[in-house]
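# Summary of structural features
Residues per chain are reported as follows:
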Amino acid sequence: MYRKRPAPNRAERLKTMIDVILNSGVSCKFFSDTDDLSSIIENDLALLLTERFQQCEHVNKIIGEHSIIPIPAASIIWRDAEIMDLFHVLRCISTNLLYLLILSLIQL
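If you're wondering where the values come from, they're calculated on a predicted model, not measured in any experiment. Within each chain, residue numbers correspond to sequence positions counted from 1 in written order. Totals for whole chains, interfaces and linings use all residues, but because this is a predicted model, local features are given only for residues with pLDDT of at least 70 and pairs of side-chain atoms are given and counted only at 80 or more. Only hydrogens and water are removed before side-chain values are computed, so all heavy atoms of the structure are retained for them.

## A closer look at the environment of Tyr 2
Spelled out, the test is: Helix numbers and strand numbers start at the N terminus; a helix is a DSSP run of H or I with at least 4 residues, a strand a run of E with at least 2. Throughout, exposure labels follow a simple rule: accessible area from a 1.4 Å probe, protein chains only, divided by the maximum for the residue type, with under 20% read as buried, over 50% as exposed, and the rest as partly exposed. Contacts: residue pairs with any heavy atoms within 4.5 Å of one another. A 3.5 Å cut-off defines polar contacts: any pair of N or O atoms within that distance qualifies, except that in protein one atom must be a possible hydrogen donor and the other a possible acceptor, and neighbouring residues in sequence count only when both atoms are side-chain atoms.
Note that Tyr 2 resides in strand β1 (residues 2-4). Overall, the relative accessible area of 36% leaves Tyr 2 in the partly exposed class. Along the primary structure Tyr 2 and Ile 41 are separated by 39 residues, whereas in three dimensions their C-alpha atoms are 8.9 Å apart. Those residues in contact with Tyr 2, other than ones at most four positions away along the chain, are Lys 29, Phe 31, Leu 37, Ile 40, Ile 41 and Asp 44. Reaching out from Tyr 2, the side chain makes a polar contact with the side chain of Asp 44 at a distance of 2.6 Å.

## Quick look at the packing of aromatic side chains
For clarity, the threshold we go by: Two aromatic rings, drawn from Phe, Tyr or Trp (for Trp, its six-membered ring), form a pair once their centres lie within 6.5 Å of each other, and the interplanar angle then sorts them: stacked below 30 degrees, edge-to-face above 60, tilted otherwise. Any Lys NZ or Arg CZ that is within 6 Å of a ring centre and within 35 degrees of that ring's normal is treated as a charge sitting over the ring.
Summed over the entire model, instances satisfying the criterion amount to zero aromatic pairs. Over the face of the ring belonging to Phe 30 we find Arg 5, whose NZ or CZ atom lies 3.7 Å from the ring centre.

## So, the pattern of salt bridges
This is how the line gets drawn: By definition, a salt bridge exists where a carboxyl oxygen of Asp or Glu is found within 4 Å of a side-chain nitrogen of Lys or Arg.
As enumerated under the stated definition, the model contains two salt bridges in all. Among the salt bridges present, the one from Lys 15 reaches Glu 12, with a minimum N-O distance of 3.3 Å. Taken together, the positions of Lys 15 and Glu 12, both in helix α1 (residues 12-23) and three residues apart, correspond to about one turn of that helix. Classification of Lys 15 by relative accessible area gives partly exposed; the value is 31%.

## Quick word on unusual backbone geometry
Between Arg 5 and Pro 6 the backbone carries a cis peptide bond, its omega angle lying at 0 degrees. Looking at the secondary structure, you find Pro 6 in the loop between β1 and α1.

Structure (structure tokens):
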């Protein structure tokens, strides 16, 4: 949570809400003006992105050559027959079979 300090005109209900949030274990960073807040947010975003990329690198090492970058979806334009077949299958099969089908597709 980003909290402006000083804030002499803060409403009592807002102060109470902030206290409840802080007592729940949420971390808090203080700022004094918009430039200070901007700098804090920039640093937090840089840290967040760095951590996310490091997680991706770790996952890529674990899975080897397989990439975790999603492949663009195939176009469904002019595939009316396939779409109708899919709707028919989804209407006819049992929930358990659908669940197994989805699981098998996820494994691909």
